[in-house]
Every structure is written in C-alpha cells, then in structure tokens.
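So the chains spell out like this:
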Amino acid sequence: MYVEIINLYRITLPFQGHFAISRLDGRSSTRIVAEVIADHGKVKGYGEGLPIEFVTGETPDTVAKDVASFAAGILFPRHLKDISQVWDFVDRLPDGREHNAALCALEMALLDALGKEQKRSLSAYLPQCFSTPRIHYGASITLGDKARVEQICGMIRSIGIRDLRIKMGSDFEQNQTALETVTEVFGYDCRVRIDPNGVWDFELAMRHLPLLAEHRVKIIEEPMTRTSEGFAAFAAAVRQNGMTLMACESAPTLQDVKAIILEGHYRMFNVKLCRSGGFHRTLRIIDHLRREGIPFQIGCTLGEAGLLSAAGRALGLACSDAVTYDGSYDRFMLKENIIEEDVSFGPGGAAGPLGGHGLGVTVKSENLARLCDFKTSIVIK
C-alpha cells in the first residue's frame, strides 16, 4: 500500500448542552481529522487528534503543523506493508507531550488504512493477552447547578450506569451540592470518583476530605498540581481516609508516569489515548503500570467524536484489567458526528467490538467538507 496524500481537516463540533469542567467551558470541541489516501484513492484511513492546550500545550493549529511535518519527513512509512512499520515510525519521533494529539491522529489514520487494506480490524494489531469481548463504561457528571446535575443523574440512572465521575471546581458549595444530589438520586448504590482537574489548593482540598468521606468517594482524580504546596500532606491524608489518588493531566508520557511513581503519592493513573500519543505509546504506559502493579483506568478527552470513540473502544477491549472505562459518549454529547455509525455504549454502559476493518466506522465525507473551517493537503513524495 502506497500512501500518496494526507488531508487534514479542522472541525469544531457543538455539544448538545453545557458540559463544563473546571478548566474548559464545555460547549464544543475542535479536532484535527487526518485522512490518509493510498493506492490512487482505493484505500482511505482516518484519525482524530483532539488537543487540550492546558495539558500538552497543543492547539488545533499546532496539531495540523505537526502532522504535516511528520508526514513530510524521511521516517514516514510511505510504502506501508506491515504493522511493524507504524510502530517503528512512532518510536523514532520525539518523546515529548507537545506532539501527542498530532501523533495520535496520524498513527490512527495509518492503522485504519492498513486494516482496511489487509481486511483486519484495528484490534487485531493490539496485544491480545488482556483482551475481552465486552467492557462497561462509566458516566461523567458535569459542573452545574443542582437542576443540571439532577438532569444528568436522571439520564445516567435510566441507562443503568452506576460508575460515576463527578466533575468539580473551586466552589466548595457547588461541589457539595453535586455530591448531595448524586447521593439523593443513586443512594450509595454506585461507585463515585471526583475530578477537580487540578484547580484545588491544599486548604480547599483538605476542606473537601470529610465531605468526600461522607459520600463514600473512592477515587480523587488530580486535585492539584504535583508541585503545589501541601500536596504530599494531602496525599497522605487521602490514604488515611481509605481513598485512592489518581493521576491524570500530569501523566501524558511514559517519562511523566515513571517520575510520578517514584514520588509515591499517586496510586492510580487515568490513561488517555489521544493525550498520550496514540496506541503504541499508550500501551507502553499501560505495560509499565502492569509491571509495577499499579491500577489504571481507560479515560477519554472531553468532546471526542466518532473516530476517537472507536479507537478508545479498541483500546478498552484490549485492557480487561482496567479498573473502569470512560468514553463513547457521542450520542449523549454531540449535536452531530463525523461518522455514520452510532458507537455509543448501550444499557448499563455495555459495549463490544465494532466489527468491520480498521477502526470499524465509516466517515461521512460530506460532513468533513461541510463542517471543516480549514483544510490542507500533504502530498507524500
């Protein structure tokens, strides 16, 4: 298979409602879609990179520039015959976090194209030792007033999901209301994680501990930066209260993960495909966590569209040992999508393989053309 052209589309998709977190407004998300065209247009593969600037420093514009740079380099596997060429290509690119969304989009598009050309699912290229035929996704509860939290809780309960992730901010009373509302709707028949996205300081974090214990919170995700004053003391207090501290934004690369493990404060990791640079690098992180005996969850980035949801499904199904899974929220979050299929989870959050070749989804070409506000093409020489 000869790769001849890579088209890049910048696409913003609006949300159905307001899905705010402490560091993002949560009304839409902007991604770069990479379209790999090979063998005179007979094969097309697609990938999605969704940058979060406060995590990796990337923007849609830097993602497009990086993909173009990687594709134009001498390392790019223009004549693609085997999966090992994709992994070798990824291994020889820079290790820093500042290219991860770009690398995710390009690697995904190559895997999708290769799978279609070889008539294999993307999952066939992933390790099978922890594979499973089905996973169950959890659900996220956005920042909002009591009425908004009640609305989301009602929808989650009707689906039959009991694994909850509550987004929190720096307003203690709002966070308290969210926890009380969740308890009113679900009682204690649920597993609760909370996620302030790193905006707490030591004083606010300690103020929350009795409240979190009262509502039987199990996992606290990235409450503050690792360098915050008092972080080590808060981590010790979390352990004393029988809760688990989980790293997220601070762990986009394997080097970051290793450093965090050595510090000894975080005892769990939220692993995200796009944030960590695609399948190859994400699986290296997961393999390291397995060797260290450290639990992990498979997470997602706010506002993922169908391509990243399909890729996240493949990653989740390759990780039966993950504590929990987030993602495949398409039907519940996006006003419209870039793929034909609905890859959202079913009752109880249950989800299985998508079938088909490559990612197993079909991109709507007319949606790419209609929704993009910027397009560029790279001719592979």
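Worth saying up front: this structure is predicted, and the values here are computed from it rather than measured.

Rules used in this analysis
- Residues numbered from 1 in each chain as written.
- Predicted model: local features only at pLDDT ≥ 70, side-chain atom pairs only at ≥ 80, totals over all residues.
- Heavy atoms only, no water.
- Helix = DSSP H or I, 4+ residues; strand = E, 2+ residues; numbered from the N terminus.
- Buried < 20%, exposed > 50% of the residue type's maximum accessible area, 1.4 Å probe, protein only.
- Areas by Shrake-Rupley, 256 points an atom, 1.4 Å probe, with all protein chains shown as cover.
- Lys, Arg positive; Asp, Glu negative; His and termini not counted.
- Charge placed at Lys NZ, Arg CZ, Asp CG, Glu CD.
- Pairing = 2+ DSSP bridges.
- Axes fitted to C-alpha atoms, helices over the stretch in contact; angles between N-to-C directions.
- Salt bridge = Lys/Arg side-chain N within 4 Å of Asp/Glu carboxyl O.
- Parallel < 35°, antiparallel > 145°, perpendicular 65-115°, else oblique.
- Contact = heavy atoms within 4.5 Å.
- Nonpolar A, V, L, I, M, F, W, Y, C, P; charged D, E, K, R; others polar.
- Expected span 1.5 Å × (residues − 1).
- Polar contact = N/O pair within 3.5 Å; in protein donor to acceptor, adjacent residues only side chain to side chain.
- Core = buried A, V, L, I, M, F, W, Y, C linked by side-chain atoms within 4.5 Å.

Here we come to the overall build of the protein chain. Counting its secondary structure elements, the protein chain contains 13 helices and 13 strands. With the C-alpha coordinates of the protein chain rotated into their principal frame, the extents come out at 60 × 40 × 35 Å. Counting the 381 residues in the protein chain, one finds 59% classified as buried. Total accessible area on the protein chain is roughly 14,900 Å²; 50% of this is exposed by carbon and sulfur atoms. Side chains of the protein chain give 43 positive and 47 negative charges; the mean places of these two sets differ by 4 Å.

Attention now goes to the sheet that holds strand β9 (residues 244-247). Ordered by their spatial adjacency, seven strands build an open sheet running β5-β6-β7-β8-β9-β10-β11, and the pairing between neighbours is parallel. In this open sheet, the two strands that pair with only one neighbour each are β5 (139-141) and β11 (296-298). Shown here is a sheet whose adjacent strand axes are inclined to one another by a mean of 25°, direction ignored. With three bridges connecting them, β5 and strand β6 (residues 163-167) associate as parallel partners.

Quick look at unusual backbone geometry now. Backbone geometry follows two general trends: most residues other than glycine have a negative phi, and most peptide bonds adopt the trans configuration. Of note in this structure, Asp39 is not a glycine but carries a positive phi near 50°. Looking at the secondary structure, you find Asp39 in the loop between β2 (28-38) and β3 (43-49). Despite not being glycine, Ser328 has its phi angle at roughly 55°, a positive value. You can see Ser328 is positioned in the loop between α11 (306-317) and α12 (330-333). What makes Ser328 buried here is its relative accessible area of 2%.

What follows covers the pattern of salt bridges. Applying the stated rule across the entire model yields 23 salt bridges. Where Glu221 meets Arg165, a salt bridge forms, and the shortest distance between an N and an O atom there is 2.9 Å. With Glu221 in strand β8 (residues 217-221) and Arg165 in strand β6, the pair connects residues that are 56 residues apart, well separated along the chain. A salt bridge links Arg290 to Asp287, with the shortest nitrogen-to-oxygen separation between them at 3.3 Å. Taken together, the positions of Arg290 and Asp287, both in helix α10 (residues 279-292) and three residues apart, correspond to about one turn of that helix.

A few words on the packing of helix α7 (residues 202-214) against helix α8 (residues 231-240). At a closest axis distance of 10 Å, the pairing of α7 and α8 adopts a crossing angle of 10°. As judged from the angle between their axes, α7 and α8 are roughly parallel. Touching Phe202, Ala205, Met206 and Leu209 of α7 are Ala233, Phe234, Ala237 and Val238, all from α8. Grouping the amino acids of the contact of α7 with α8 by side-chain chemistry returns eight nonpolar, no polar and no charged.

So, on to α11. An α-helical turn contains 3.6 residues, so any two residues separated by three or four positions project in the same direction. The first and last C-alpha atoms of α11 sit 16 Å apart over 12 residues, in line with the 16 Å expected at 1.5 Å per residue. Those residues of α11 that fall on the buried side of the exposure criterion are Gly306, Leu307, Leu308, Ser309, Ala310, Ala311, Gly312, Arg313, Ala314, Leu315, Gly316 and Leu317.

The next thing to look at is the side chain of Glu58. With respect to the element layout, Glu58 can be found in the loop between α1 (53-56) and α2 (60-72). One buried charged residue, Glu58, remains without a salt bridge, the closest side chain of opposite sign being Arg97 at 8.9 Å. Among the polar contacts listed, one links the side chain of Glu58 to the backbone nitrogen of Ala101, at a separation of 3.0 Å. Among the polar contacts made by the side chain of Glu58, one reaches the main-chain amide nitrogen of Ala102 at a distance of 3.4 Å. Setting aside residues up to four positions removed in sequence, Glu58 forms contacts with Pro51, Ile52, Glu53, Val63, Arg97, Glu98, His99, Asn100, Ala101 and Ala102.

Side chains that are nonpolar tend, in soluble globular proteins, to be buried together. Core analysis: the largest hydrophobic core is formed by 130 residues, its most contacted members being Ile6, Ile194, Ile220, Phe269, Phe279 and Leu307. Ranked by residue count, the leading element in this core is helix α4 (residues 100-118), at 12 residues.

This part is about α10. In this model α10 runs 20 Å from its N-terminal to its C-terminal C-alpha over 14 residues, within 8% of the 20 Å that 1.5 Å per residue would give. Considered for burial, the residues of α10 that qualify are Phe279, His280, Arg281, Thr282, Leu283, Ile285, Ile286, His288 and Leu289. Those residues of α10 hidden inside the fold are in contact with α3 (83-91), α4, α9 (254-263), β10 (268-271), β11 and α11.

In a beta sheet, neighbouring strands are held together by backbone hydrogen bonds and run either parallel or antiparallel to one another. In space, the four strands of this open sheet follow the order β3-β2-β1-β13, with antiparallel pairing throughout. Each edge of the sheet is formed by a strand with only one pairing partner; in this case those strands are β3 and β13 (372-379). Averaged over all neighbouring strand pairs, the angle between strand axes comes to 20°, with direction disregarded. Bridge count for strand β1 (residues 3-14) against β13 is seven bridges, and the pairing is antiparallel. Following the sheet pairing, Arg10 is matched in β13 by Phe374. Those strands touched by α2 are β1, β2 and β13, and its axis lies near 170° from that of β1. Sheet strands in contact with α4 are β1, β2 and β3, and its direction is about 155° off that of β3.

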